[in-house]
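# Structural overview for review
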Amino acid sequence: MVERSPFGSWRSPITAASIVGGAATITEVVVDGITDDATIWFAESRPAERGRTALLRVHADGTSHEVTDPDANVRTRVHEYGGGAWWVQHDHLYYVDFADQQLRVRAPDGALRLLTADQRDRYADLRVSPDDQWLVCVRERHDPDAHEASNVIVAIALDDSGRVYVLADAADFVSNPRVSPDGSKLAWIQWFHPNMPWDSTELWVASFADGAVTNARCVARDAALVQPEWSPAGTLHVITDRSGWWRIERAVDGVERTFGARDWGEPPWVFGGSTYAFRADGSLVTLADVESALSDISCVRTRGSRIVAAGATWTHETQIVEIVPDATTRQVRAPRDHGLDTAFCAPPEHITFATTGDGAERAHAWFYAPANPAFAGPRGTRPPLIVMAHGGPTSAAQTSLRLQTRYWTSRGFAVVDVDYRGSTGYGRAYRQALDQRWGLADVDDCVAAARFLAARGDVDATRLLIRGGSAGGYTVLCALTFHDVFAAGASHYGVADLEALATDTHKFESRYLDRLVGPYPEARATYVARSPIRHTHRLRTPLIVLQGLDDLVVPPNQAEMLVAALEAKHVAHAYVAFAGEGHGFRKAENIVAALEAELSFYAQLLGFVPADPITPVLIRS
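Summary of the structure given here. (Residues numbered from 1 in each chain as written. Predicted model: local features only at pLDDT ≥ 70, side-chain atom pairs only at ≥ 80, totals over all residues. Heavy atoms only, no water.)

Inspection of the secondary structure assignment puts threonine 116 in the loop between β9 (112-114) and β10 (121-128). A relative accessible area of 8% places threonine 116 in the buried class. Engagement of the side chain of threonine 116 in a polar contact is seen with the side chain of glutamine 102, the distance being 2.7 Å. Here leucine 103 takes part through its backbone nitrogen, which lies 2.9 Å from a polar atom of the side chain of threonine 116. Residues contacting threonine 116, with those up to four places away along its chain left out, are Gln102, Leu103, Tyr123 and Ile156. (Helix = DSSP H or I, 4+ residues; strand = E, 2+ residues; numbered from the N terminus. Buried < 20%, exposed > 50% of the residue type's maximum accessible area, 1.4 Å probe, protein only. Polar contact = N/O pair within 3.5 Å; in protein donor to acceptor, adjacent residues only side chain to side chain. Contact = heavy atoms within 4.5 Å.)

Right, dumping it as structure tokens:
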């Protein structure tokens, strides 16, 4: 029998504790070799172990075991977002430990050796030369006397000589050092301020021998070039958006290997991304070859003639699958068994709606209706809506099972995850539609999504909520400050002061706002006009602020300035700060506390009693 109960108050098996209990996100996969029986390795992020990343090796019988020590945390801080912190070749594991950011190598017998020791340096995007003589990677040096960190590609000798040679240092940023199969060439990506790697980059190639490069030359530019890779025959490929969509092409002659109005790549916020690969016979493997088994694919590799990929589905969290030539799929690493009725995990509806002014422009979103087979709302009522604004802002809504989203829908909230203008996955023009309009177009799209669903009759127009983290948190703050649409909001480590972000952030994003807002300080008036902290006299909407105190991307002083302003204005608000957390919450106990505080905040404001036995968050005014 279906029980009728106020939206938000439904009992749900998806608790905050169950979201992190046993959770492990598979972030990267590496295959050690080119044969069908090559060994599979993978990285697993574990909230229950204070967010550390462990590395595991898969055995022939399908079992796996952790290779890294229990106190190891394989994570790099290059660009602050990291990625690409490890690699495996010939059963030797090379990795960066988060504790000191130094490189290590673990031999097959378990012997561990430190490769670097300069505390100024961080490393990422590791590769090993075919002869096992050189580790080639990105090195980011933080010299206290330098204006900003330096980013170069280096070759580190693996013979205990301590030799380190700089291979590429002419640009502000470098990434993707890739050694050709015969070891004779090196390719890499580089770019310059104020571009981000999804704006404009260069593809370079050089001869490589004895830890040095010669005859370096640029082979492609004037597009967002990402993910260079060599085929087994030594033909260099790269993903380029010169057609308006990220497509894979041969670098030597520009012949496209993929077509259609879709993006075959992703914005390189982190190192180590892989959306295509080559089988041993040279045939190309793309996302299309994996999408029958997975969505929201994080990594594509090959194993001889087979495909190995990490990703998720609408109903299951991250997993690793292997697809053999006859299209048979087997699980290499099964997803967590959450034991949920599939009724809790119905696929969302993709919606496209008019936005901005006369409605000539369109935006996209994924709509999740409330989903709980045991409950329905009172007759004649509609659910509250949570509008989710993703981070980045050059990112996208995730299209796979996220228990944090189902946490809300299973309690009776509707959710819309907005791919506002500037999001990826819809081509270069849509990605650039946020240029000079951050804080405007993204906010308009979130408002338009909420109004579209309210007008369609899906949600209660008087109980619209908005939440987001980082750049999404900025969208939340702008929506609450400059619009009178939402009943409440939640900012997770969100940007409150664009000026502070422009002058007090890390190198990778230090010129990001030049394109999104305008050059600083020349466009200072625009920064002031779009900074919620400068317009708190207009802020009348209740807000909960959640912040990590070790955040270097959005420093906590921005949250503290915002909270002080809310208090001075006597606006209902809550502030929850987490010691030991950076940009994004990784520790299980803090993920739980943040979710429960947000639910309590909404419950107190909307007037329902949560089914969960949670500690009420303190709301001040």
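From this point on, the discussion continues.
Before going further, it helps to examine the sheet that holds strand β12 (residues 150-157). Spatial strand order, β10-β11-β12-β13: four strands in an open sheet with antiparallel pairing. The sheet is open, and its two borders are formed by β10 and β13 (164-168), each paired with just one other strand. In this sheet, adjacent strand axes meet at a mean angle of 35° when their direction is disregarded. (Pairing = 2+ DSSP bridges. Axes fitted to C-alpha atoms, helices over the stretch in contact; angles between N-to-C directions.)

Below, the discussion takes up the pairing of strand β8 (residues 103-106). Every second residue of β8 is oriented toward a common face, with Leu103 and Val105 on one face and Arg104 and Arg106 on the other, all of them buried. Judged from the four bridges that link them, strand β7 (residues 92-96) and β8 form a sheet pairing that is antiparallel. Across the sheet, the residue bridging to tyrosine 95 is arginine 104, located in β8. Between β7 and β8, which pair antiparallel in sequence order, lie six residues; one of them, glutamine 101, sits at a positive phi of approximately 65°. Sheet analysis places β8 next to β9, joined by three bridges and oriented antiparallel. Residue arginine 106 lies in a different strand from β9, and its bridge partner there is leucine 112.

Here aspartate 132 is to be found in the loop between β10 and β11 (134-141). On the accessibility criterion, aspartate 132 (26% relative accessible area) is partly exposed. For the pair formed by aspartate 132 and glycine 380, sequence separation is 248 residues and the distance between their alpha carbons is 69 Å. A polar contact is formed between the side chain of aspartate 132 and the side chain of glutamine 89, at a distance of 2.7 Å.

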